[in-house]
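Survey of secondary and tertiary structure
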Amino acid sequence: MKRVGVFVCHCGTNISAAVDCEKVAENAKSFPGVAYSTDYKYMCAEPGQELIKKAIKEQKLDRIVVASCSPRMHEPTFRRCIESGGLNAYLLEMANIREHCSWVHPDDKERATIKATDLVKMAVAKVMQNEALVRSTIPITKRALVIGGGIAGIQAALDIANAGHIVDVVEKEPSIGGRMAQVDKTFPTLDCSACILTPKMVDVANHPNVNLITYSEIEKVEGYVGNFDVTIRKKARSVDLKACTGCGTCIQKCPTKVPSEFEMEMMDRKAIFTPFPQAIPNKPVIDRESCRYFKSGKCGVCQKVCPTNAVDFTQEDELVTERYGAIVAATGFDLFDDSVYGEYGYGKYKDVITGLHFERLLNASGPTMGKIKRPSDGKIPQNVVFIKCVGSRDEAKGKAYCSKTCCMYTAKHATLVREKIKDSNAYVFYMDVRTPGKGYDEFYTRTTDQYGAKYIRGRVSKIYEKGDKLIVWGEDTLLGRPVEIEADMVVLATAMVAKADAAKLAQMVGFSYDQNNFYTEAHPKLAPVETHTAGVFLAGACQGPKDIPESVAQASAAAVKVCGLLSKEEMPTEPIISAVNEAICSGCGMCVPVCPYTAIDLKVIQERVHGKTVSRKIANVNSGLCQGCGACTVACRSAALNLKHFTNEQILAEVDALCL
Amino acid sequence: MERIELTAAWAEGQEVLAEVTKESGVRASKCYQCGKCTAGCPVAFAMDKTPREIMRLVQLGLMDEALQSQTIWLCASCDTCSTRCPREVDIARMMETLRIIAKRKGFVAEKKMDLFHDLFLKSVEKNGRVHELGLILGFNIYGMQPLKDAHFGPSMLLKGKLSPLPHTIKDNGEVKKIFANVRKRGGKL
Amino acid sequence: MKYAYYPGCSLSSTGVEYDISTKKVAESLGIELWEIPEWNCCGASSAHLTDHLLALALPARNLAIAEEKGLDVAIPCAACYARCKATEVEVKDSKEMQKTISEVIERQYTGKAQARALLDVFVNDLGLQSISTLVNKPLKDLKVVSYYGCLLVRPPRLGFDDAEDPQSMDKLIEALGGTPVDWAFKTECCGAAHATTKSEVGFPMIEKILTAAKEAGADCIATACPLCMSNLDMRQTQVGAKYGKNYSLPVFYFTELMGIALGLNPEELGISKHFVDALGIVKKLNEAAGRRDTA
Ligand SMILES: Cc1cc2nc3c(=O)[nH]c(=O)nc-3n(C[C@H](O)[C@H](O)[C@H](O)COP(=O)(O)OP(=O)(O)OC[C@H]3O[C@@H](n4cnc5c(N)ncnc54)[C@H](O)[C@@H]3O)c2cc1C
Ligand code: SF4
Ligand code: SF4
Ligand code: SF4
Ligand code: SF4
């Protein structure tokens, strides 16, 4: 005889306000198989769990129904609870009488109670059919992959490496460093970005546990937590990294100039180049799109001048496959394309620039050697206008979200204008000043109070050129009057957006992203660096707009998660997977293409039929790959596939309990 | 400045606010008061309240103040504001609706402009088309400025730009019916 | 290519030359315009400021007549175009509105006949390529600022061109051999009827546009709206006097410039009807061309 125990939770008043919990527990006593039923205020709390364990022992219960919240949060809790009470974890069912009942029917207690009773009845019917399932284990590959070598990726790699694990950093660009390398000074302390970033870049490059794989991209990801098989495309650098000493002779002699991406196209670089002086690795790469040799077969100057014969035009992309236990995505962000703002003339007027352009104008190794000058004519601007929230908080033309960093970096920019240009005016058009964060609001206050930047509350509607001035039209909403500024330069605090290829990477690795293509954390509050895919973690601005302190904190958090995973020799696998009834499988193969995790293939088995040995094909589920989604069970025409813990019989028992 | 008691004002404005929202289809609550509408409005220089302030009055239910403002009459319906509003608020449509309702309630802050539109529509109803000479003459006479713009008259006639007689369409019954049908449906013309 | 043609009231009075030049140019380009018989006034801004339904119904009657013929409607006047487009879109967006309007006008209009700006028809249906091949008197060295006005390209979701920095008229000028001059006031509003009803508001608006055109170094302004035309042309001297400026800026309908470039007689296009002398500049253009020919 099976003996089911039913435990109805009040969840404080979350459930009991709308559902008569005592009555539900009372009703449950009459359901077939129920040997014990009770209710309690907080079932998940320590006393609640004790109650369950005690009842298992005293009432000799062999399966349990907890009627409470959604299983999302507390199924693991109650599984652990009954396990320590001596039962198999899978002899538990949860009836969700909160999200599915009390929260959606707050006003009709009588009927809500009936519904809750029905939900319990179904759970009892199902648990009667449940079978004990055993978790198996898989070995964990003790090597981590960090995708993206910005500050977030660098920090995550350093932390993982310092914990003693091997980590590979795959960076798309020729150098690591990310956006932080482009930034001149950093708020709120105004310390030089390169001064704090470069040492970290050197550390990560020299760390014995870290392998930097720059100028490379992820090509393919297979496998699952503990054992991801990742194929990396190492793009042809055209320079042999081992032979090259980084002397730079080739760069000097290369005759081809192209606008430098790093310098926001305000300066040229060569066709053989390093993106910036502190690049790591500090060895050049040939941009084959613009190199004369690759375009016309002529030139080859770099090869001729190289003292170590490192230039190799014949290099080809190389594909390598490596196995990793965990992955950290740290691919950062892009800037919104401001040219959709025709009214601001971005792209049309040379002196309407983005904040990142402005960072380069501030930088001593930038196009103006650190003097703020107008891109159009090199003059020093007297009146600089900043416009915040460009592309952010704009449903019509941009993104609905706030980019979080621009209030602060605009305050930084306004401060630096006032500091660097004598008698200058810095005007900041803003809608809100959002400066939470340690020392942030104080920084903003200094910008207006000490540095005298003028903040004008209002969004700009139009910018146009008049002679060599830019006329800016706004409203001072605090005065309630239209205002106009004759500016020499306009800086747009441009929205941070997801990388153009963010969605592609997420699909390849197999984790989710939101409507803005930012990567989705597993839980916005309680699992901010995890993804829904086990073994994949997030760090930095790829998950949403973030400044450096936050990116670094998140990177370290992600590193801890990785280390936690890699510190184990093996890990348990979920037993809720599909199983093949070999006797009735006809080997039709319908299930194979249906499986989103490519967990099914066909295998050949030998059988004796009428005294003869015959071979036939049947489906075979790889228990490591199967995620238990159940898609195959629907596709199978002979009902040979069944998902453990959600078998056809178990589901039908629930339906019958409700309908019969 | 007088202190406004917001709760009472909100309660008082409800009915008109509902009317405005229904007729315009514009939800004032979407506006986040950025002022981009005002910043680009070509008429803002002459308004007593900026377009943003009109949205604010509507948000708070201060409907009488919105309906009595000059702004809603001065709006040129150029759509600059609606085109650029980051919250996709159709401010121009809001202005139009406020004006229609203001008129219904007898709040006409700009009598002359109102007169112009009345005469215009009279002309359309009568002739099916606008008789511009008649319109301008009528406007200036009723508007008590019989000589304003009069100097354009002769040269216009000479250039064949104004006809002394109205252009009418042969059978204007159809247009008259349109007016009648709109009135039947509650239109106050 | 055949379209229903809706001239609108202004084109039979203050804007006759727009009507004349449109018809002549269309003929030269082989576009057939079928004038909607007994068309009525679209209600312009007055209906739209008085009653929303009336504002939708008045244009609907004309559109319905075109729909019966199975033709889209080519509309030169930007203001009429905006009103007609608004009707088309509301009817298309809502079956209920379609029913109401059909009841009010006592005709069937389903939104099938589209309101098309004449500029759109020329530039996008016929195409600049075809137009430029027919040019025989290019507007050589004529610096033109294109003034689209506020209604032609707004709201953006209805538009055939960029709402902030439209290009179609500029490209047309280029195809005609002229020099389009970029400026920032392409879509600034001229104040429409404000100049008549409230000149202290209307005049400064006109002043800004004329000044901007002058500062951009334009020889003349091209427009697509009779209301803009009367503000910028008829009122030019008046506004200039008020602000102590002498603009002397001829204003053309873009169709007139097309006519000139296609070699039509400027007088016949109605250019002599302008208030600010525009024939002078055309004459200079022709003389320069003559010199080039003999040289
Ligand atoms: C104008 C401006 C000024 C700023 N000023 C400050 C400041 O003063 N203080 C502050 O705290 N913050 C500032 N920030 C914010 C700061 O730039 C970010 O917080 C920081 O760069 C985020 O780091 P990240 O590593 O997450 O991303 P990123 O810096 O974007 O780095 C991501 C890296 O991943 C690489 N990558 C991307 N996709 C792939 C792929 N598919 N495969 C492999 N590699 C890939 C990229 O090439 C890049 O190297 C500023 C931002 C801007 C725009
Ligand atoms: S010249 Fe040769 S060694 Fe020197 S940086 Fe270039 S590739 Fe490297
Ligand atoms: S951080 Fe500030 S500037 Fe940036 S989007 Fe948010 S509110 Fe706007
Ligand atoms: S532009 Fe839109 S959001 Fe901004 S103040 Fe005007 S109506 Fe409000
Ligand atoms: S539609 Fe009216 S309120 Fe809006 S910008 Fe034009 S004139 Fe101003």
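Rules used in this analysis
- Residues numbered from 1 in each chain as written.
- Chains lettered and ligands numbered in written order.
- Predicted model: local features only at pLDDT ≥ 70, side-chain atom pairs only at ≥ 80, totals over all residues.
- Heavy atoms only, no water.
- Helix = DSSP H or I, 4+ residues; strand = E, 2+ residues; numbered from the N terminus.
- Near = heavy atom within 4 Å.
- Polar contact = N/O pair within 3.5 Å; in protein donor to acceptor, adjacent residues only side chain to side chain.
- Areas by Shrake-Rupley, 256 points an atom, 1.4 Å probe, with all protein chains shown as cover.
- Disulfide = S-S within 2.5 Å.
- Contact = heavy atoms within 4.5 Å.
- Buried area = accessible area lost by both parts, 1.4 Å probe.
- Salt bridge = Lys/Arg side-chain N within 4 Å of Asp/Glu carboxyl O.
- Buried < 20%, exposed > 50% of the residue type's maximum accessible area, 1.4 Å probe, protein only.
- Arc of directions from axis to C-beta.
- Nonpolar A, V, L, I, M, F, W, Y, C, P; charged D, E, K, R; others polar.
- Pairing = 2+ DSSP bridges.
- Axes fitted to C-alpha atoms, helices over the stretch in contact; angles between N-to-C directions.
- Domains from an automatic or database assignment.

1. A look at unusual backbone geometry
Of the consecutive residues I280(A) and P281(A), the connecting peptide bond is found in the cis state with omega at 0°. Looking at where P281(A) falls in the secondary structure, it is placed in the loop between β15 (272-273) and β16 (285-286). Between R154(C) and P155(C) the backbone carries a cis peptide bond, its omega angle lying at -15°. Turning to its location among the elements, P155(C) is positioned in the loop between β5 (143-147) and α7 (168-175).

2. What about the site of ligand 1?
All names here are of chain A. Near ligand 1 there are 36 residues, and of these E171, R179, K412, K546 and I548 occur at the shortest range. K172 is positioned such that a nitrogen or oxygen atom in its backbone is 3.1 Å from a nitrogen atom of ligand 1. F187 is positioned such that a nitrogen or oxygen atom in its backbone is 2.9 Å from an oxygen atom of ligand 1. Across the complex, the protein chains shield 98% of the 1000 Å² of accessible surface that ligand 1 would expose by itself. Listing elements by their share of the shell around ligand 1, those giving two or more residues are α6 (151-162), β8 (185-186), β19 (333-335), α11 (355-362), α12 (406-420) and α15 (548-566).

3. A few points about the state of the cysteines
In total, this model carries 1 disulfide over all chains according to the counting rule given. No disulfide involves C632(A); its nearest neighbouring cysteine sulfur is the one of C626(A), lying 6.2 Å away.

4. Focus on the interface of chain B and chain C
Contacts between chain B and chain C engage 57 residues on the former and 61 residues on the latter. For the pairing of chain B and chain C, the buried interface totals around 5300 Å² over both sides, and the portion due to carbon and sulfur atoms is 59%. When the area that chain B buries against chain C is broken down by residue, the three leading residues are K159(B), K161(B) and I178(B), summing to 12%. Counting across the interface, chain B meets chain C through 7 salt bridges. Here chain B is connected to chain C by 18 residue pairs in polar contact (both at pLDDT 80 or more). Those elements that provide at least two residues to the side of chain B that touches chain C are α5 (71-74), α6 (80-84), α7 (91-104), α8 (111-127), α9 (132-142), α10 (152-158) and α11 (173-184) of chain B.

5. Remarks on helix α13 (residues 440-449) of chain A
Residue and element names in this part refer to chain A. Of the positions making up α13, those classed as buried are Y440, F443, Y444 and T447. The buried residues of α13 occupy an angular sector of 95° when the element is viewed end-on, so they sit on one face. Close packing links the buried residues of α13 with α12, β23 (454-457) and α15.

6. What to know about the site of ligand 3
All names here are of chain A. With respect to spatial proximity, the complete set of residues near ligand 3 consists of K388, C389, S392, R393, C402, S403, K404, T405, C406, C407 and R434. Residue assignment for the shell around ligand 3 shows that the elements contributing at least two residues are β21 (383-390) and α12. Among the residues forming the shell around ligand 3, the class breakdown is 4 nonpolar, 3 polar and 4 charged.

7. Some remarks on the sheet that holds strand β26 (residues 481-487) of chain A
Residues and elements named next belong to chain A. One open sheet holds the 3 strands; their spatial order is β24-β25-β26, and the pairing between them is antiparallel. Every interior strand has two partners, whereas the edge strands, β24 (462-466) and β26, have only one. Strand-to-strand twist across the sheet, computed as the mean angle between neighbouring axes with direction ignored, equals 25°. Where strand β25 (residues 469-476) and β26 come together, 7 bridges link them in antiparallel fashion.

8. Considering the interface of chain A and chain C
Across the boundary between the two partners, chain A contributes 9 residues, which contact 7 residues of chain C. Between chain A and chain C lies a buried interface of about 680 Å² when both sides are counted; carbon and sulfur atoms form 51% of it. Interface area lost by chain A to chain C is led by K348(A), K462(A) and W473(A), which between them contribute 53%. At the junction of chain A and chain C, the tally comes to 3 salt bridges. Between D165(C) and K348(A) there is a salt bridge, with the nearest N and O atoms lying 2.9 Å from each other. Scanning the region where chain A abuts chain C turns up 4 residue pairs in polar contact (both at pLDDT 80 or more). Here the side of chain A that touches chain C takes 3 residues from β24(A), the largest share from any one element.

9. What to know about the domain arrangement of chain A
Residues and elements named next belong to chain A. Parsing chain A into structural domains produces domain 1 (4-129), domain 2 (143-235 + 317-332 + 499-566), domain 3 (249-305), domain 4 (334-497) and domain 5 (578-644). Here domain 3 and domain 4 have C-alpha centroids that lie 32 Å from each other. Between domain 3 and domain 4, the contact holds 5 residues from the first and 10 residues from the second. Per-residue buried area on domain 3 facing domain 4 is highest for E263, M264 and M266; these three make up 73% of the total on that side. For the pair domain 3 and domain 4, the interface holds 1 salt bridge. With its nearest N and O atoms 2.8 Å apart, the salt bridge here joins E263 to R360. Along the contact surface separating domain 3 from domain 4 lie 1 residue pair in polar contact (both at pLDDT 80 or more). In the side of domain 3 that touches domain 4, the residues fall into 4 nonpolar, no polar and 1 charged.

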